[in-house]
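Here is how the chains run, residue by residue.
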Amino acid sequence: MIRGKYAAKLERFNEKIVAHGPASYLLTLQLMGLIPYFVINSLAALTNVSLFTFVWTTVVGSLPIIVIYTFAGRQLFLVESARDIFSPSIIALLL
């Protein structure tokens, strides 16, 4: 039912999947960070991407942002004063 309703929008996504291969296209979308994960995951669920490909591209594509969030949490935990906010590690984090 959903595939029928959004067939026109899914057509372009399916063309890209076929042209570039499911793994490389999904991994590229995940790593670019421009499209929210729930959109990529929803579109992938409506295509013929295998579960294995979907899972490993999601895990590998999510790793960079997970590392960034972990580093950010650790650095913000170490802030004890307003002066610490301008430390090189916090500035690098923000960049």
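These numbers come from a predicted model, not from an experiment.

A. Up close: the overall build of the chain. Of regular secondary structure, the chain possesses 6 helices and 0 strands. Reading the secondary structure of the chain in the N-to-C direction produces α-α-α-α-α-α. What you see for the chain is a C-alpha radius of gyration of 18 Å, clearly larger than the 12 Å of a compact globule of 95 residues, by over 25%. Across its three principal directions, the C-alpha atoms of the chain cover 55 × 25 × 20 Å. Burial analysis of the chain (95 residues in total) assigns 23% to the buried set. Here the analysis covers contacts within the chain between residues at least 6 apart in sequence; of these, 52% occur between residues at least 24 apart. A total accessible area of about 7100 Å² is found for the chain, and carbon and sulfur atoms account for 70% of it.

B. A nonpolar patch on the surface, seen in detail. A cluster of nonpolar side chains, namely Leu-51, Phe-52, Val-55, Trp-56, Val-59, Val-60, Leu-63 and Ile-66, defines an oily patch on the protein surface of about 760 Å² accessible area. Following the sequence through the fold, Val-59 ends up in helix H5 (residues 51-77). On the basis of relative accessibility, which here comes to 46%, the residue Val-59 falls in the partly exposed class.

C. Region of the structure containing helix H2 (residues 7-20). In this model H2 runs 20 Å from its N-terminal to its C-terminal C-alpha over 14 residues, within 8% of the 20 Å that 1.5 Å per residue would give. If you check which residues of H2 are buried, you get Leu-10, Phe-13 and Ile-17. Relative to the axis of H2, the buried residues are bounded by an arc of 65° and lie together on one face. For H2, the exposed residues lying more than 90 degrees away from the buried face are Ala-8, Arg-12, Val-18 and Ala-19. Next to the buried residues of H2 lie helix H1 (2-5), helix H3 (22-32) and helix H4 (37-45).

D. Molecular detail of the environment of Asp-84. Inspection of the secondary structure puts Asp-84 in the loop between H5 and helix H6 (88-94). Setting aside anything within four residues of it in sequence, one finds Asp-84 in contact with Leu-78, Val-79 and Ile-90.

E. Representation of the packing of H3 against H5 within the structure. H5 packs onto H3 with a crossing angle of 30° between their chain directions and a minimal axis gap of 8 Å. When the axis of H3 is compared with that of H5, the two are roughly parallel. As for how H3 packs across H5, the hand of that crossing is right-handed. Residues Pro-22, Ala-23, Leu-26, Leu-27, Gln-30 and Leu-31 of H3 form the contact with H5, whose participating residues are Thr-53, Trp-56, Thr-57, Thr-58, Val-60, Gly-61, Ser-62 and Pro-64. Here the residues of the contact of H3 with H5 sort into 8 nonpolar, 6 polar and no charged.

Reading the values: rules and limits
- Residues numbered from 1 in each chain as written.
- Predicted model: local features only at pLDDT ≥ 70, side-chain atom pairs only at ≥ 80, totals over all residues.
- Heavy atoms only, no water.
- Helix = DSSP H or I, 4+ residues; strand = E, 2+ residues; numbered from the N terminus.
- Rg over C-alpha atoms; globule rule 2.2 N^0.38 Å.
- Buried < 20%, exposed > 50% of the residue type's maximum accessible area, 1.4 Å probe, protein only.
- Contact = heavy atoms within 4.5 Å.
- Areas by Shrake-Rupley, 256 points an atom, 1.4 Å probe, with all protein chains shown as cover.
- Patch = residues over 30% accessible without salt bridge, like charges linked within 9 Å, V, L, I, M, F, W, Y side chains within 5 Å.
- Salt bridge = Lys/Arg side-chain N within 4 Å of Asp/Glu carboxyl O.
- Expected span 1.5 Å × (residues − 1).
- Arc of directions from axis to C-beta.
- Axes fitted to C-alpha atoms, helices over the stretch in contact; angles between N-to-C directions.
- Parallel < 35°, antiparallel > 145°, perpendicular 65-115°, else oblique.
- Left-handed = near helix turned anticlockwise from the far one by under 90°.
- Nonpolar A, V, L, I, M, F, W, Y, C, P; charged D, E, K, R; others polar.

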